[in-house]
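Fold and geometry: a report
Single-letter residue listing:
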Amino acid sequence: MDALQLYEDFIKQKDLYGVKKALRVPPVSEIRRDCRRVIAGLEGPLKADSDKAYGKFIESLEKVDLIATRGIQSGKDLEEKEAAELSKTYAATQGFLNDFLSLVMTSRYGGD
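Conventions and cut-offs
- Residues numbered from 1 in each chain as written.
- Predicted model: local features only at pLDDT ≥ 70, side-chain atom pairs only at ≥ 80, totals over all residues.
- Heavy atoms only, no water.
- Helix = DSSP H or I, 4+ residues; strand = E, 2+ residues; numbered from the N terminus.
- Buried < 20%, exposed > 50% of the residue type's maximum accessible area, 1.4 Å probe, protein only.
- Contact = heavy atoms within 4.5 Å.
- Lys, Arg positive; Asp, Glu negative; His and termini not counted.
- Charge placed at Lys NZ, Arg CZ, Asp CG, Glu CD.
- Axes fitted to C-alpha atoms, helices over the stretch in contact; angles between N-to-C directions.
- Parallel < 35°, antiparallel > 145°, perpendicular 65-115°, else oblique.
- Left-handed = near helix turned anticlockwise from the far one by under 90°.
- 1 Å grid on protein atoms, 1.4 Å probe; cavity = no way out; pocket = protein on both sides within 12 Å on 5 of 7 lines; lining within 4 Å.
- Points joined across faces, edges and corners; volume = space filled by probe spheres on them.
- Nonpolar A, V, L, I, M, F, W, Y, C, P; charged D, E, K, R; others polar.
- Polar contact = N/O pair within 3.5 Å; in protein donor to acceptor, adjacent residues only side chain to side chain.
- Expected span 1.5 Å × (residues − 1).

**Regarding the overall build of the protein**
Scanning the protein for helices and strands turns up 6 helices and 0 strands. Listed N to C, the secondary structure of the protein is α-α-α-α-α-α in terms of helices and strands. Every one of the 112 residues in the protein was classed for burial, and the buried ones make up 36%. Contacts spanning at least 24 positions in sequence make up 70% of the contacts within the protein whose residues lie at least 6 apart. Distance between charge centres in the protein, computed from 18 positive and 19 negative side chains, equals 4 Å.

**Re the packing of helix 4 (residues 28-40) against helix 6 (residues 80-104)**
Closest axis-to-axis distance for the helix 4/helix 6 pair is 11 Å, and the angle between their directions is 30°. As far as their axial angle goes, helix 6 and helix 4 are roughly parallel. Of the two possible hands of crossing, helix 4 and helix 6 adopt the one that is left-handed. Contacts from Ile31, Cys35, Val38 and Ile39 of helix 4 reach helix 6 at Leu97, Phe100 and Val104.

**Considerations on empty space enclosed by the protein**
Tallying each qualifying case throughout the model produces 1 cavity of 30 Å³ or more. When its volume is computed, the largest cavity comes out at roughly 50 Å³. The wall of the largest cavity is formed by 10 residues, among which Tyr7, Val19, Ala22, Leu23 and Tyr90 lie closest to the centre. Looking at the lining of the largest cavity, the elements that each hand over two or more residues are helix 2 (8-12) and helix 3 (16-22). Across the lining of the largest cavity, the residue classes tally to 10 nonpolar, no polar and no charged.

**A short note on the side chain of Ser60**
If you trace the backbone, Ser60 turns up in helix 5 (residues 44-74). Looking at Ser60, its side chain comes within polar contact range of the main-chain oxygen of Thr89, at 3.3 Å. Not counting the four nearest positions on each side in its chain, Ser60 is found in contact with Thr89, Ala92, Thr93 and Phe96.

**Some points on helix 5**
Helix length check: helix 5 (31 residues) gives 45 Å between terminal C-alpha atoms against 45 Å at 1.5 Å per residue, within 8%. Remark: Gly75 follows helix 5 within two positions and exhibits a positive phi of approximately 75°.

Function cannot be inferred from these measures alone, as they are strictly geometric.
Listed below in C-alpha cells is the structure:
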C-alpha cells in the first residue's frame with residue numbers, strides 16, 4: 001500500500017514532527033478504522049489471521065510514533081542508531097501492512 005510510502009521522506013530527513021503529524025492525518029489516520037471494518041466482515045481463520053497481522057502492523061506503527069516522540073522530547077537530533085531504528089521500524093510497518101492486505105485480498109474483499 002502506498003499510504004505509508006508517501007511519508008518515507010519524513011523518515012529519511014529525520015523530520016520527527018513530520019512523522020508524528022503524518023501518523024495523525026489521512027490516509028494513515030484512517031487505516032485503523034478501515035482495517036477494523038474489513039476484519040469485522042471476515043470469518044473463521046481468515047479473521048483471526050487478519051486480526052493478528054493487523055495487530056503487528058499497529059504495534060509497529062506505534063513504535064514509529066514512540067521513537068519520534070522520544071527524539072522530539074530529547075530536543076536533539078536523532079543519533080545514527082536511533083535513526084537506523086526508526087528506518088528499520090518504518091520499513092517493518094510497511095511490511096506488516098502489506099501482510100495484512102495480502103491476507104484480506106484472499107477474502108471476498110479481494111474479489112474471490
